[in-house]
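# Chain and residue survey
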Amino acid sequence: MSRARAAVILAAGQGTRMKSDLPKVLHPVGGRPMLDWAIASARGLGAERVIVVTGSHSPQVRAHAASIVGESSVAIQDPPLGTAHAVRAAEQALAGFDGDVVVLYADAPLVKSESLAAMFALREAKGGMAVLGFTAPNPFGYGRLITDAEGRLQRIVEEKDATPEERAINLCNSGVLCADAKALFQLLSMVKNENAKGEYYLTDVVGLGRSAGFFTHIVEGDETEVLGVNSRVELSEAEAAFQRRRRRAAMESGVTLIDPNTVFFSHDTEIANDVVIEPSVYFGPGVKIGKGARIKAFCHIEGAEIGEGAQIGPSARLRPGTKLGAQVKIGNFVEIKNATFGPKAQASHLTYVGDADVGARANLGCGTITCNYDGFDKYRTTIGEDAFIGSDTALVAPVTIGKGAYTGTGSVITKDVPDGALGVGRSRQVNIDGWADKNRAKKQKAKDTK
């Protein structure tokens, strides 16, 4: 049986290089705050305890973390004295825990769950500790992993403390470490700050562990998954790495991306096979797309569910609360918000539908709008099955259009239209003979006299 698992997530960095009022670890990658990525990774591995270590300088991070893991699972590092000191700040929150713990970083959101699972498995199989390493063509700035002849880790040396020979090593340290919790905290109590920065390094536990008689093993990942974010430039690099990974996963699962580099996903985008996505499409959080749908170019979609075989766009915007049934057609320059469309309903162009329920096979003509807001409250529009809404119709909610009903083109509909009826809400046309000729002559005379 696998041992119990816990995670300590370090989120105490000040992030001054971000030059932002928003704390660094709350900046999003793939539409999700970086801290949330680390929490999700820990929970995905079955961690029964997840402790977030933050600093006293960031009440916003503390409040955000507490809203997810609970106030008792947030530890404060004050003052900040290095990574080993930060992990020790979590010791009280992990009191009584008997199992393995992994140390993660809130500013490294792309660590793969497969790598973390391999670390736990290796530690359980061989004892000692496990670290996540990677080979870097240009290792400048990274801590180096110093191994023995059998490939076991002897120690980790930071860039500033490394000799020229050690700096030539390209096997690098990600900072992610897995160990028995009790053994880890015992080793942490022995860490000293005798280094170039005068800080307590978590990496020192490797050498201390070896001196105590147990080994540290290496799980090797790739450089992109351990990208740390300390600036806006690095944030963009992490976003680009996430998008490359997500695009590839989509195509490997049976999704066609005509121009992958112009499609942007969120962390939770769900797409069934045989979906086709045209160029320049953006998916915000909360999107789910059914089999065989087609998303045409220049669409912006967030918080929406799209049924099988639906056709969306080009240049459509689907906002949160949108739920589209099978074979729905949403055309160019159509915006939908908090609305449902039954199967085969359609709004082909230049339409706004907000806070509405549209029945199966209903057709919304060009220029249809639901007038859902009176400046104070939102109201709902209901459009029945097989209804036909004439072009340039304004539906003033709350209002119901019955099954199979019609509205006349150019109408302002303020009252319910019964099933099968025609609703017309426009003033009667009046023609004034000769008015245009007289007006034209008057305007020309005024121009000539100037």
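Residues numbered from 1 in each chain as written. Predicted model: local features only at pLDDT ≥ 70, side-chain atom pairs only at ≥ 80, totals over all residues. Heavy atoms only, no water.

### Looking at the overall build of the protein
Using the following cut-off: Secondary structure elements are taken from DSSP: a helix is a run of H or I of four residues or more, a strand is a run of E of two residues or more, and numbering for both begins at the N terminus. The size measure is the radius of gyration over C-alpha atoms, and the globule rule it meets is 2.2 Å times the number of residues to the 0.38 power. Using a 1.4 Å probe on the protein chains alone, a residue whose accessible area is under 20% of its type maximum counts as buried, one over 50% counts as exposed, and one in between counts as partly exposed. Contacts: residue pairs with any heavy atoms within 4.5 Å of one another. Only the protein chains shown count as covering a residue, and every accessible area follows the Shrake-Rupley method with a 1.4 Å probe. Under this rule, positive means Lys or Arg and negative means Asp or Glu; His and the chain ends count for nothing. For the purpose of locating charges, the reference atoms are NZ of Lys, CZ of Arg, CG of Asp and CD of Glu.
Along the backbone of the protein there are nine helices and 34 strands. A compact globule built from 450 residues should have a C-alpha radius of gyration of about 22 Å, whereas the protein, at 30 Å, is more than 25% larger. Viewed in the frame of its principal axes, the protein has a C-alpha envelope of about 105 × 65 × 40 Å. When the 450 residues of the protein are sorted by exposure, 47% land in the buried category. Sequence-distant contacts, at least 24 apart, represent 43% of the contacts inside the protein between residues at least 6 apart. With an accessible surface of roughly 21600 Å², the protein has 50% of that area assigned to carbon and sulfur atoms. Of the side chains in the protein, 52 bear a positive and 51 a negative charge, and the two mean positions are spaced by 7 Å.

### Some thoughts on empty space enclosed by the protein
Here is the rule we go by: Buried and open spaces are told apart on a 1 Å grid over the protein atoms alone, a cavity being a set of points where a 1.4 Å probe fits but cannot get out and a pocket being an open set with protein on both sides within 12 Å along at least five of seven lines. Residues with an atom within 4 Å of a point are the lining residues. Grid points are joined across faces, edges and corners, and a volume is the space filled by probe spheres set on the points. Throughout, the ten residues Ala, Val, Leu, Ile, Met, Phe, Trp, Tyr, Cys and Pro are labelled nonpolar, Asp, Glu, Lys and Arg are labelled charged, and all others, Gly among them, are labelled polar.
In total, this model carries two cavities of 30 Å³ or more according to the counting rule given. If you add up the space inside the largest cavity, you get close to 50 Å³. Forming the boundary of the largest cavity are Ala-38, Ser-41, Leu-104, Tyr-105, Ala-108, Pro-109, Val-111 and Leu-116. Put simply, the parts of the chain that give the lining of the largest cavity at least two residues each are helix 1 (34-44) and strand 6 (100-105). Here the residues of the lining of the largest cavity are counted per class, giving seven nonpolar, one polar and no charged. In this structure, the second largest cavity spans a volume of roughly 30 Å³. Surrounding the second largest cavity, Val-131, Ile-156, Asn-173, Gly-175, Leu-177, Leu-202 and Thr-203 form its lining. When residues of the lining of the second largest cavity are assigned to their parent elements, the largest contribution, three residues, is made by strand 10 (residues 171-180). Grouping the constituent residues of the lining of the second largest cavity by class yields four nonpolar, three polar and no charged.

### Quick word on the packing of helix 1 against helix 2 (residues 59-69)
The test is simple: To obtain each axis, a line is fitted to C-alpha atoms, and for helices this fit is confined to the stretch in contact; angles are then taken between N-to-C directions over 0 to 180 degrees. Roughly parallel refers to an angle under 35 degrees, roughly antiparallel to one over 145, roughly perpendicular to one between 65 and 115, and oblique to any angle outside these ranges. In this scheme, a crossing is called left-handed if the near helix is turned counterclockwise away from the far one by less than a right angle; it is called right-handed if the turn is clockwise.
Where helix 1 contacts helix 2, the two axes come as close as 11 Å, and the packing angle between them is 25 degrees. Judged by the angle between their axes, helix 1 and helix 2 are roughly parallel. Read as a crossing pair, helix 1 and helix 2 show a hand that is right-handed. On helix 2, the residues touching Leu-35, Asp-36, Ile-39 and Arg-43 of helix 1 are Val-61, His-64, Ala-65, Ile-68 and Val-69. Its residues placed into classes, the contact of helix 1 with helix 2 shows six nonpolar, one polar and two charged.

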